[in-house]
Amino acid sequence: MCYLSKFLKTLLVAIYITTLSFSASSAAFAHGHQEHNANQKTDIMVMSGYARATFPLAKTSAVYFTLHNQSDKDKTLTSVTVSEELASEAQIHTTVMEGDVMKMRELEDGVTIGAGEMVSFESGGYHIMLLGLNNGLVEGTEIKLTLRFEDNDELDITLPVNKDDVKSHHNHH
Ligand SMILES: [Cu+2]
């Protein structure tokens, strides 16, 4: 837990390898905050979303959620935007192993969610990286993001800022 928190707070790398199993993710996230922002236009439901709280001078943080594509065609999340007051940029990242080191990499082509499928953005995998935070992220506040999809659909979402990884809490039960 301490080891985990340090890495989370400094955001050097993602922390532990999590199997991107949708069923496992759903079970873990069931204890977390439920944020259902269904949007008829995009047919994408955002579940269990949150941004990680930081110390005040932190310049980066990460956002996690599960996207459920409720339409009958594939959807690709191509970009995410954040208000300038909060941060200078939001990027779609993945986590990859380079030798023994986990590194984050921007996904220029975005992430595709197959028709009817769910994709989890979580520690050790996909995540939304916030860069150039102005005042860090304060626990208990909310942030607004706009998700953009390849067909120019947009989805505005509001997510809570939580201090810890939902799964860290879960592991203490
Ligand atoms: Cu990242």
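Structure: above.
Residues numbered from 1 in each chain as written. Predicted model: local features only at pLDDT ≥ 70, side-chain atom pairs only at ≥ 80, totals over all residues. Heavy atoms only, no water.

Topic: the pairing of strand β4 (residues 89-98)
Looking at chain direction, β4 and strand β8 (residues 127-131) are connected through five bridges and run antiparallel. Opposite H93, over in β8, you have H127 as the bridge partner. One ladder, built from six bridges, connects β4 with strand β5 (residues 101-106); its direction is antiparallel. Counterpart to M97 in the pairing with β5 is M102. Between the end of β4 and the start of β5, which pair antiparallel, lie two residues, with G99 showing a positive phi angle near 65°. (Pairing = 2+ DSSP bridges. Helix = DSSP H or I, 4+ residues; strand = E, 2+ residues; numbered from the N terminus.)

A few points about the coordination of the copper ion
Surrounding the copper ion are the protein donor atoms H93 (ND1), M104 (SD), H127 (NE2) and M129 (SD), at 2.1 to 2.5 Å. In this structure, the copper ion is surrounded by four donor atoms whose angles at the metal cover 87 to 127°, and the resulting shape is tetrahedral. Counting the intervening residues between successive donors of the copper ion yields the motif H-x10-M-x22-H-x1-M. Its relative accessible area of 2% is what places M129 among the buried residues. (Donors = N, O, S within 2.8 Å, 3.2 Å for Na, K, Ca; no water. Tetrahedral: all angles 85-135°; square planar, octahedral: opposite > 155°, others 65-115°. Buried < 20%, exposed > 50% of the residue type's maximum accessible area, 1.4 Å probe, protein only.)

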